[in-house]
Amino acid sequence: MFKKILIANRGEIALRVIRTCKEMGIKTVAVYSKADEESLHVRFADEAVCIGPAPSKDSYLKISNIIAAAEITNADAIHPGYGFLSENANFSRICKEHGIKFIGAGPEMIDRMGDKASAKATMKEAGVPTVPGSDGLLESIEQARKLAKEMGYPVMLKATAGGGGKGMRAVWKEENLQKAFESAKQEAGASFGNDGMYMEKLIEEPRHIEIQVVGDQFGNACHLSERDCSVQRRHQKLTEETPSPFMTDDLREKMGKAAVRAAEYIKYEGAGTVEFLVDKHRNFYFMEMNTRIQVEHPITEQVINYDLIREQILVAAGVPISGKNYFPKLHSIECRINAEDPYNDFRPSPGRITTLHAPGGHGIRLDTHVYSGYIIPPNYDSMIAKLITTAQTREEAINKMKRALDEFVIEGIKTTIPFHRQLMDHPDYVAGNYTTKFMEDFQMEPKEEEDE
Ligand code: MV4
């Protein structure tokens, strides 16, 4: 077992990993930028190393400084968290070269799942349902036009080096295809250094339902059921829940099997997430595979009483998984609390938190690194807390979320708490009747006096 793990991340996920390491008797090393000197992960870790100035490119993305920190503290493993270098194949490779265990996927796996067209081709070989479309990359606009005509519009153009909504274009009519293809290709080349494009039939009003999988070093994999992440704004998840209100036992069985088949086919090691698009007829199609722990992992932990970070560490240390699949016994919802103003187009609202009162009580989990007096730096992602409620039923979990949001006081900055509170009263949300289109029509109710 590892003696010391360096957490190459910040904020709530760094704290999350440190907590499980402490419970496992593993020493921890925090790395931090100048802007995070006062951050909790620095205080909770056994050791802390400043790795550079505030900008991510000079600190949390600076591979040389992170490796140096691991060397001088003699860490035998690195946990990358999510974001930053968590899906950077080069970082995974350099850790390997330095004899430091990267708690995540190997470099080849990261590259393979990071190339969306090749990931899709692999899944198709594995017998996982994929969206009908081009067989690999589009070689020319003529080929694109011919294929789109055969499939019928609308179609979706996607950058193979994209993902998470980047480098994607929906095309509804033939006359718009050429311009969309050329601009998307140009944008992909500029953004990712790889302008490879592929095409799919457009799935209208899909849900985003993902399956958590865990694979060990012996080729075994299991699934830990689904998370519905359809409530998104500009490809940013706002809230997630498990089980999905759209799921049926039959669909869960099929999607779970497909996800395990995918993980076993590629001999996946570690915690991973197989994302699917689900249409209104409950057909599901492979979308992407993420080779990192996800922000929303706590709702899965809550409904099956499982520590996913612990599992990641055990698997990385060569411990085999139990192999059993898990099905939700409870209902759990996560609301991402961001330092953003929902009454002003969700624009960022960094600054000092003058007052913080955290919600508590039965079925409440709050994963956060912020505290009264904490200054939220403007340099990083705006998420400051994840409020998670767990109950026997969806209705009770929603009710608990309303009560917890009403208790949750954060002053000195704007937050998305009022948005989530209104969401929990929205008839379509409460009915579980929402798709990835939901936020396009969502409007905040005007502010009441006391909200001023
Ligand atoms: C699609 C799609 C419809 N049809 N592919 C968005 C980011 C990346 N995960 C793939 N995405 C989509 N791919 C086909 N063939 C619609 C989306 C999509 C979406 C998917 C999941 C969650 C939110 C979304 C928001 C807009 C579009």
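Residues numbered from 1 in each chain as written. Predicted model: local features only at pLDDT ≥ 70, side-chain atom pairs only at ≥ 80, totals over all residues. Heavy atoms only, no water.

Draft legend 1. Up close: the UniProt feature "domain: Biotin carboxylation" (unreviewed entry) in the protein. Here, UniProt's "domain: Biotin carboxylation" (unreviewed entry) annotation points to residues 1-444. Annotation note: span residues 1-444, helix share 33%, strand share 27%, distance between end C-alpha atoms 50 Å. (UniProt positions renumbered as here; feature names shortened; annotations may be inferred. Helix = DSSP H or I, 4+ residues; strand = E, 2+ residues; numbered from the N terminus.)

Draft legend 2. Representation of the sheet that holds strand S8 (residues 197-201). Strand order in the open sheet formed by three strands is S7-S6-S8, with antiparallel pairing between adjacent strands. At either end of the open sheet lies a strand with only one pairing partner, and these are strand S7 (166-171) and S8. Taken pair by pair, the neighbouring strands of this sheet meet at an average axis angle of 25 degrees, ignoring direction. Inspection of the sheet shows strand S6 (residues 155-163) paired to S7 by five bridges, in the antiparallel sense. If you follow Leu157 over to S7, its bridge partner there is Arg169. In the packing of helix H7 (residues 141-151) onto the sheet, the strands contacted are S6 and S8, and the crossing angle to S8 comes to about 10 degrees. (Pairing = 2+ DSSP bridges. Axes fitted to C-alpha atoms, helices over the stretch in contact; angles between N-to-C directions. Contact = heavy atoms within 4.5 Å.)

Draft legend 3. How the structure looks around a negative patch on the surface. On the surface, Glu204, Glu205, Asp428 and Asp441 cluster together into a negatively charged patch. For Glu205, the position within the fold is in the loop between S8 and strand S9 (207-215). (Patch = residues over 30% accessible without salt bridge, like charges linked within 9 Å, V, L, I, M, F, W, Y side chains within 5 Å. Areas by Shrake-Rupley, 256 points an atom, 1.4 Å probe, with all protein chains shown as cover. Salt bridge = Lys/Arg side-chain N within 4 Å of Asp/Glu carboxyl O. Lys, Arg positive; Asp, Glu negative; His and termini not counted. Charge placed at Lys NZ, Arg CZ, Asp CG, Glu CD.)

Draft legend 4. The arrangement of the UniProt feature "domain: ATP-grasp" (unreviewed entry) in the protein in detail. According to UniProt, the feature "domain: ATP-grasp" (unreviewed entry) maps to residues 120-317 in the numbering used here. Across residues 120-317, the secondary structure splits into 34% helix and 31% strand, with the terminal C-alpha atoms separated by 29 Å.

Draft legend 5. Quick peek at the sheet that holds strand S1 (residues 4-7). Spatially, S3-S2-S1-S4-S5 is the arrangement adopted by the five strands of the open sheet, whose pairing is parallel. At either margin of the open sheet sits one strand with a lone partner, and together these are strand S3 (47-52) and strand S5 (101-102). Bridging between S1 and strand S4 (residues 77-79) involves three bridges; their strand directions are parallel. Bridging from a neighbouring strand, Ile5 pairs with Ala77 of S4. The sheet strands contacting helix H1 (residues 11-23) are S1, strand S2 (27-33) and S4, and the helix crosses S1 at an angle near 170 degrees. Lying over the sheet, helix H3 (residues 63-73) contacts S1, S2, S3 and S4, oriented at roughly 150 degrees with respect to S3.

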